[in-house]
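In case you want the letters, here they are:
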Amino acid sequence: MIVNRDEFFREVTLKVCSSLDIGVAVKRAFDYLREHFPLDEVYLDILDSRLGAIRRILHLAGDGATSEEIIPLPELVWDWAGSLTGPVIIDARTASGLAKAIATLVKMEGYSDLALPLRVENELIGMLILRANGERRYNKGHAELLSVVADPFALALANTLSYQEVLRYRDILLDDNRFLNRELFSQAGDEIIGGNTGLRNVMEMVRQVAPLNNTVLLMGETGTGKEVIANTIHFASPRKDGPFIKVNCGAIPESLMDSELFGHEKGAFTGAVSEKRGRFERANGGTIFLDEIGELPPQAQVRLLRVLQQREIERVGGDRIIPINVRVIAATHRNLESMISENRFREDLWFRLNVFPIIIPPLRQRKDDVPALIRHFVGQKSSELGIAVPPAIAPGALERLKNYGWPGNVRELENLVERELIRYRGGQLRFDSLLPSEVESETAHATEIIDNGPLNLDEAMSLHISKVLTMTKGKVHGPGGAAELLGINPNTLRGRMSKLGIRHGRLHTI
Ligand SMILES: Nc1ncnc2c1ncn2[C@@H]1O[C@H](COP(=O)(O)OP(=O)(O)OP(=O)(O)O)[C@@H](O)[C@H]1O
Ligand SMILES: [Mg+2]
């Protein structure tokens, strides 16, 4: 058969590079190669020098494909493979020592094999083996034609290997997140500021609940320390050496929520090129922290309820039931009960979550913790910013700060201290950026709160966001933008603004 080599190269290249899943790509090429070669099976082998073995990552036979196997490699074969420069016909009748060595690895009698070494930048990374039923089926012409497509096969294999490596690292990183979390946590100071004063009740509850396995629901305004408390519970629990996996339910797009939480099988949907463990699976043996649980879309609420009831999950696109041993801590700044009455949150899920609620009071209800928090953050942020000696605080400043309303709670306080230190040019910290008029108005506001009953969380947040937006002339992201001042992600801020009905866009000065 006369083959146009350019055409052959082009067709094979397009097929081999058509998918990140090497199994899919080679299968596509297989059908085309069959038109040009005697062909019944294809093997794709990686020479894994770490294992000192062949990793057979693909074996296609007709319609069926088998998954990975490891084949230990005698040194003789290893050296032989390393010396190959082009395709070789492996003939069962060649009674060389080499053939015998190979024959112990693969059944050769009654078959013909054509092996193509795959090299990238001259380094041998693997081998593509075409196999046909019957002996002496391959000739020199076949070998020559196959050599034309050595590079595309080698590159596709190299890409697959790098991609698998990336996925492997991703999983390792996600799992090791818990170590980072712990690092961060111990840097932030293991002690909870105010644990013996304003947060005494909270800490009492933490101590009661930490050793147990039950679900905990943390409620409190933004910035009150829900995540800090979730961390504390995990690291004070018998699961402390297991993973602590955080999920921000408000930050994951609805369409990806199920696969993020529960994982998916390979091919479950377009783009699912490999199987993926969900966060529940990764949290096995540890704790899952479902932050912003009020943002969970309805469909995911149903699935979560099932997990909480049955303690097992099913990956998207799979039919396997996977049992899980996970402790759930959920948190929200929302009023879930009012969300239930508006049919935005499932009541049955609420009953499951609300087994042990812990309410973290806003900072304005624990003013006495303000000085300790300020001192704590002055110390911590100074060392982060490389200020050798933490500056002293001007007399009177703490009193003024105590009387401020702190709608952004501890996070706002933390950001204020950081800003103050960045602007610090010697002397004492006066916290002038919190202007006396603001303090006064906030104090007045605080009185108003007492008189008229407290603002609800959304009202307080809305008020504060609007105020900061006025300060930034409507700028949301970037340096000096509202997101930076509030210490939250610009997208999160935009999301909250639209939920709270706060207008987007810069304010135009007329
Ligand atoms: N009691 C505390 N002692 C020391 N640091 C605290 C305390 N409470 C909060 N913080 C710090 O304040 C910041 C905000 O806390 P955290 O992220 O836990 O709040 P949150 O309630 O989860 O807020 P949001 O609802 O906005 O997610 C963090 O940097 C945290 O380290
Ligand atoms: Mg939080």
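Up top is the structure these notes are about.
The shown structure was predicted, so the numbers you read here are calculated from the model rather than taken from an experiment.

1. Considering the packing of aromatic side chains
Phase 1: Throughout the structure, instances matching the rule amount to 6 aromatic pairs.
Phase 2: Ring centres of F235 and F244 lie 6.3 Å apart, and the angle between their planes is 40°; this geometry places the pair in the tilted category. In this pair, the class of F235 matches that of F244, namely buried.
Phase 3: Here the aromatic residues F8, Y32 and F37 are joined through ring pairs into a cluster of three or more.
Phase 4: Positioned above the aromatic ring of Y32 is the side chain of K15, whose terminal nitrogen or guanidinium carbon lies 5.0 Å from the ring centre.
Phase 5: One residue, R131, lies across the ring of Y111, its end atom 4.2 Å from the ring centre.

2. What about the nonpolar core?
Phase 1: Ranked by size, the top nonpolar core spans 36 residues in total, and within it F8, F37, L44, L118, L130 and F153 carry the most contacts.
Phase 2: For this core, the elements supplying multiple residues, two or more each, are α1 (5-16), α2 (22-33), β1 (41-48), β2 (53-61), β6 (111-120), β7 (123-133), α5 (140-147) and α6 (150-187).
Phase 3: Not counting residues up to four positions away in its chain, the partners in contact with L130 are L33, F37, L39, E41, V42, S112, D113, L114, Y138 and L146.
Phase 4: If you look at the next biggest cluster of nonpolar residues, it comprises 33 residues, including I252, A283, I324 and F345.

3. Describing the pairing of β2
It is a general feature of regular strands that their side chains alternate between the two faces of the sheet.
Phase 1: The buried fraction of β2 amounts to 8 of the 9 residues, a majority that puts the element mostly inside the structure.
Phase 2: Relative to β2, β1 is paired through 8 bridges, and the arrangement is antiparallel. Looking at the pairing, D45 lines up with R56 of β2.
Phase 3: With 4 bridges joining them, β2 and strand β4 (residues 69-72) adopt antiparallel strand pairing. Paired with R55 across the bridge in β4 is I70.

Thresholds applied
The written sequence of each chain sets the order in which its residues are numbered from 1. Written order decides the labels, with chains lettered from A and ligands numbered from 1. Restriction of local features to residues with pLDDT of at least 70 applies here, the model being predicted, together with a cutoff of 80 or more for giving and counting side-chain atom pairs; totals for whole chains, interfaces and linings are based on all residues. Hydrogens and water are ignored here; the side-chain numbers use all heavy atoms of the structure. Between 30 and 60 degrees the pair is tilted, below 30 it is stacked and above 60 it is edge-to-face, where a pair is any two Phe, Tyr or Trp rings, Trp via its six-membered ring, whose centres lie within 6.5 Å. Relative accessibility decides the category of a residue: with a 1.4 Å probe and only protein chains considered, values under 20% of the type maximum give buried, values over 50% give exposed, and everything between is partly exposed. Think of it as a cone above the ring: NZ of Lys or CZ of Arg counts as a charge over the ring if it is within 6 Å of the ring centre and within 35 degrees of the ring normal. Only buried residues count toward a nonpolar core. Its members are Ala, Val, Leu, Ile, Met, Phe, Trp, Tyr and Cys residues joined through side-chain atoms within 4.5 Å. Working definition: helices are DSSP H or I runs of at least four residues, strands are E runs of at least two. Numbering for both runs from the N terminus. In this analysis, two residues are considered to be in contact whenever any of their non-hydrogen atoms come within 4.5 Å of each other. Any two strands between which DSSP finds at least two bridges are classified as paired.

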